[in-house]
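Notes for the structure review
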Amino acid sequence: QVQVVESGGGLVQPGGSLRLSCAASGRFFSVNTMGWYCQAPGKQRELVAAITSGGSTNYAESVKGRFTISRDNAKNTVYLYMNSLKPEDTAVYYCNVKTKLTAWGREYVNWGQGTQVTVSS
């Protein structure tokens, strides 16, 4: 069983900044790719940013240059630094953590409960 706990959402004015954090804990051999997805009302959940265990990153076009993803492998934690926030960034942000129970086993996908980010004046 893997627990994924997010924190750091809230209300911020346009142009402001937020930092989201997500920690994975529980039973696993390895933590592989960690990422953030967002879901706005009436829309599908979509990738915001992801980072592999080796540090390679991938960003949605809409956040490139504004958001930065990083991770602390020793703490099994991933961060999303959100700068120059826009009203269209308003959504529930979900942490996604891929884990393995053994080195040769299948990969499991674990989701957090989501944290609300609202960008409004």
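Structure report, in brief. Because the structure is predicted, anything quoted here is derived from the model rather than measured.

Definitions and limits used
- Residues numbered from 1 in each chain as written.
- Predicted model: local features only at pLDDT ≥ 70, side-chain atom pairs only at ≥ 80, totals over all residues.
- Heavy atoms only, no water.
- Helix = DSSP H or I, 4+ residues; strand = E, 2+ residues; numbered from the N terminus.
- Rg over C-alpha atoms; globule rule 2.2 N^0.38 Å.
- Buried < 20%, exposed > 50% of the residue type's maximum accessible area, 1.4 Å probe, protein only.
- Contact = heavy atoms within 4.5 Å.
- Salt bridge = Lys/Arg side-chain N within 4 Å of Asp/Glu carboxyl O.
- Core = buried A, V, L, I, M, F, W, Y, C linked by side-chain atoms within 4.5 Å.
- Phe/Tyr/Trp six-rings, centres within 6.5 Å; stacked < 30°, edge-to-face > 60°.
- Lys NZ or Arg CZ within 6 Å of the ring centre and 35° of its normal.
- Lys, Arg positive; Asp, Glu negative; His and termini not counted.
- Polar contact = N/O pair within 3.5 Å; in protein donor to acceptor, adjacent residues only side chain to side chain.

Another aspect to go through is the overall build of the protein. In terms of regular secondary structure, the protein is built from 0 helices and 11 strands. Shown N-terminal to C-terminal, the secondary structure of the protein runs as helices and strands in the order β-β-β-β-β-β-β-β-β-β-β. For the protein, whose C-alpha radius of gyration is 14 Å, the value lies close to the compact-globule estimate of 14 Å for 121 residues. Along the first, second and third principal axes, the C-alpha set of the protein runs to 50 × 25 × 25 Å. Each of the 121 residues in the protein was classed as buried or not, and the buried ones make up 41%. Restricting to contacts in the protein with at least 6 residues of sequence separation, those with at least 24 account for 55%.

Where charged atoms from two side chains of opposite charge approach closely, those side chains can pair. Inspection of the entire model under this criterion finds 2 salt bridges. The salt bridge involving Glu61 is made with Lys64; its shortest N-O contact spans 2.7 Å. Residue classification places Glu61 among the exposed positions, given a relative accessible area of 61%. The partner of Arg66 in a salt bridge is Asp89, and the shortest N-O contact between them spans 2.8 Å. Here Arg66, found in the loop between strand S6 (57-59) and strand S7 (67-72), pairs with Asp89, found in the loop between strand S8 (77-82) and strand S9 (91-100); they are 23 residues apart in sequence, far enough to count as distant.

The nonpolar side chains of a soluble globular protein tend to be buried with one another. If you look at the biggest cluster of nonpolar residues, it comprises 29 residues, and the most contacted ones within it are Trp36, Val48, Leu80, Met82 and Tyr93. Of all the elements in the fold, those that place two or more residues in this core are strand S1 (2-7), strand S3 (18-26), strand S4 (30-39), strand S5 (46-51), S7, S8, S9 and strand S11 (115-119). Once residues lying within four places of it in the same chain are set aside, the contact partners of Val48 are Trp36, Tyr37, Cys38, Asn58, Tyr59, Ala60, Val63, Phe67, Leu80 and Tyr93.

A few words now on the packing of aromatic side chains. In total, this model carries 2 aromatic pairs according to the counting rule given. Taken together, a centroid distance of 5.0 Å and an interplanar angle of 65 degrees make the contact between Tyr37 and Trp111 edge-to-face. One end of the pair, Tyr37, is in strand S4; the other, Trp111, is in strand S10 (residues 107-111), with 74 residues separating them in the sequence. It is Arg45 that lies over the ring of Tyr94; its NZ or CZ is 3.6 Å from the centre.

So, on to the side chain of Arg71. Turning to its location among the elements, Arg71 is positioned in strand S7. No salt bridge is formed by the buried Arg71; its nearest oppositely charged neighbour, Asp72, is found at 8.1 Å. Among the polar contacts made by the side chain of Arg71, one reaches the main-chain carbonyl oxygen of Ile51 at a distance of 3.2 Å. A polar contact is formed between the side chain of Arg71 and the side chain of Asn73, at a distance of 2.6 Å. Contacts of Arg71, omitting those with residues within four sequence positions, involve Val31, Asn32, Thr33, Met34, Ile51, Thr52, Ser53, Thr77 and Val78.

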